[in-house]
Amino acid sequence: RNNLIKMHSIVKVKYLQASPVAVDIIGRDGWLYYVEPGQNLWGGDPYTPSDRATMVEIANAQDKVLRDNNIVYLHVTVPNKQTIYAENLPFFVSPRRKTSRLEQKSKLFNAKSTVPHVDLRSSLLVGKQKYPVYYKTDTHWNKYGSFLA
C-alpha cells in the first residue's frame with residue numbers, strides 16, 4: 001500500500017504536474033503553493049467597509065487595554081508565498097486584482113489604527129533577490145526569510 005501511494009504521488013507530480021494533496025498546487029519549476037478549498041490565490045474578495053471598520057475598532061480597543069498595562073501591541077502583516085513568488089505561480093492562475101486584502105489591511109492600519117503596523121512584503125521582496133526566502137516545496141518561509149522578518 002505504501003509503495004502504491006508513493007508511486008501515485010510521484011506520477012502526479014512528475015508527469016501530470018499536479019499535487020497529490022488536494023489543497024496544494026504546483027507552480028512553475030516545481031514551486032508548491034497552498035490553497036484552501038474555494039480560496040482565491042490572492043486572498044479572496046476585498047474587505048467590506050463593515051469589515052474594515054470592525055478590524056480597526058477591535059485593534060484599537062486591544063491596543064488601549066494593552067497600553068494601559070504597559071504592553072506594546074504591534075500589528076505585523078505577513079505575506080503568503082504567492083505574494084512574494086507570484087512569478088512562479090502556474091499559468092492558469094488568474095492575474096492579481098488591483099488591490100489585495102493584504103494591501104487593503106496595510107493601508108487601513110497605517111491610516112486609521114492606533115496600532116503600529118509593520119508590513120513585511122518589502123523586506124522579503126528585496127531579500128529574495130539575494131537568497132530564497134520561502135521553501136520551494138513548502139508554504140513556509142525559510143531561515144533567511146524569518147531572519148529578514
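Scroll up for the structure.
Cut-offs used in this document
For every chain, the first residue of the written sequence is number 1, and numbering continues from 1 onward in sequence order. Thresholds applied to this predicted model are a pLDDT of at least 70 for local features of residues and 80 or more for the giving and counting of side-chain atom pairs; totals over whole chains, interfaces and linings are not thresholded and use all residues. Computation of side-chain values: all heavy atoms of the structure, hydrogens and water removed. Secondary structure follows DSSP: runs of H or I at least 4 residues long count as helices, runs of E at least 2 residues long count as strands, and numbering of each begins at the N terminus. Type-normalised accessible area, obtained with a 1.4 Å probe on protein chains alone, sets the label of each residue: buried when under 20%, exposed when over 50%, and partly exposed for intermediate values. Throughout, a residue-residue contact means that at least one pair of heavy atoms, one from each residue, lies within 4.5 Å. Aromatic pairing here means that ring centres of Phe, Tyr or Trp (its six-membered ring) are within 6.5 Å. Orientation follows from the plane angle: under 30 degrees is stacked, over 60 is edge-to-face, and everything else is tilted. To sit over a ring, a charge needs its Lys NZ or Arg CZ within 6 Å of the ring centre and within 35 degrees of the ring normal. Put simply, buried Ala, Val, Leu, Ile, Met, Phe, Trp, Tyr and Cys residues joined by side-chain atoms within 4.5 Å make one nonpolar core. Every case where a carboxyl oxygen of Asp or Glu lies within 4 Å of a side-chain nitrogen of Lys or Arg is listed as a salt bridge. Here a patch means residues that are over 30% exposed by relative accessible area and free of salt bridges, tied together within 9 Å if like-charged and within 5 Å if nonpolar (Val, Leu, Ile, Met, Phe, Trp, Tyr). Surface accessibility follows the Shrake-Rupley procedure with a 1.4 Å probe radius. Residue values consider only the protein chains on display as shielding. In protein, a polar contact requires one atom able to donate a hydrogen and another able to accept it; more generally it is a pair of N or O atoms within 3.5 Å, and residues adjacent in sequence count only if both atoms are side-chain atoms. In this analysis, the expected span of each helix is defined as 1.5 Å times one less than the number of residues it contains. In this description, the arc belongs to the directions extending from the helix axis to the C-beta atoms.

A. Seen up close, the side chain of Asn-88. Locating Asn-88 in the fold gives a position in the loop between α3 (81-84) and α4 (101-112). Among the residues examined, Asn-88 registers a relative accessible area of 11% and is labelled buried. When residues no more than four places from it in sequence are discounted, the contact partners of Asn-88 are Gly-27, Arg-28, Trp-31 and Tyr-33.

B. The environment of Glu-57, seen in detail. One can find Glu-57 in helix α2 (residues 49-68). The exposed category is assigned to Glu-57, whose relative accessible area is 60%. Remark: the alpha-carbon pair of Glu-57 and Ser-113, spanning 56 residues in sequence, is separated by 8.1 Å.

C. Here's a closer look at the packing of aromatic side chains. Under the defined criterion, the tally for this structure stands at four aromatic pairs. Arranged with centres 6.3 Å apart and planes meeting at 90°, the rings of Tyr-85 and Tyr-134 form a pair that is edge-to-face. Taken together, the residues Tyr-85 in the loop between α3 and α4 and Tyr-134 in the loop between α5 (121-127) and α6 (143-148) connect sequence positions 49 residues apart. Tyr-134 shares its class with Tyr-85; the two are buried. Put simply, the rings of Trp-31, Tyr-85, Tyr-134 and Trp-141 pair up and form one aromatic cluster. The residue whose ring lies beneath Lys-81 is Tyr-33, and the NZ or CZ to ring-centre distance is 5.3 Å.

D. Broad picture of the nonpolar core. Residues Ile-25, Trp-31, Tyr-33, Val-35, Ile-84, Tyr-85, Leu-89, Val-93, Leu-120, Leu-124, Val-133 and Tyr-134 constitute the largest nonpolar core, which totals twelve residues. Tyr-85 has contacts with Trp-31, Tyr-33, Lys-128, Tyr-131, Pro-132, Val-133 and Tyr-134, leaving out every residue within four places of it along the chain.

E. Summary view of the pattern of salt bridges. Enumeration according to the criterion identifies five salt bridges in this entry. For Asp-68, the salt bridge is made with Lys-64, and the minimal N-O distance between the two is 2.9 Å. Of this pair, Asp-68 and Lys-64 both sit in helix α2, four residues apart, which is roughly one turn of that helix. For the pair shown, Asp-68 and Lys-64 are each scored as exposed. One salt bridge in this structure joins Lys-128 and Glu-87, with 2.8 Å as the shortest N-O distance. In this pair, Lys-128 is assigned in the loop between α5 and α6 and Glu-87 in the loop between α3 and α4, connecting sequence segments 41 residues apart.

F. Spatial organisation of a nonpolar patch on the surface. Taken together, the side chains of Leu-74, Val-76, Val-78 and Val-118 define a hydrophobic patch exposed on the protein surface, amounting to about 290 Å² of accessible area. Secondary-structure assignment places Val-76 in strand β3 (residues 75-77). With a relative accessible area of 40%, Val-76 lands in the partly exposed category.

G. Molecular detail of the environment of Thr-48. With respect to the element layout, Thr-48 can be found in the loop between β2 (32-34) and α2. Here Asp-51 takes part through its backbone nitrogen, which lies 3.0 Å from a polar atom of the side chain of Thr-48.

H. Up close: α2. Between its first and last C-alpha atoms α2 spans 29 Å; for 20 residues at 1.5 Å apiece the expected length is 28 Å, and the two agree. Residues of α2 that are buried: Met-55, Val-56, Ala-59 and Asp-63. Buried residues in α2, looked at end-on, bunch into an arc of 90°, giving them a common side. Residues of α2 that are exposed and point over 90 degrees away from its buried face: Glu-57, Lys-64, Val-65 and Asp-68. Directly after α2, the chain includes Asn-70, whose backbone phi takes a positive value near 60°.

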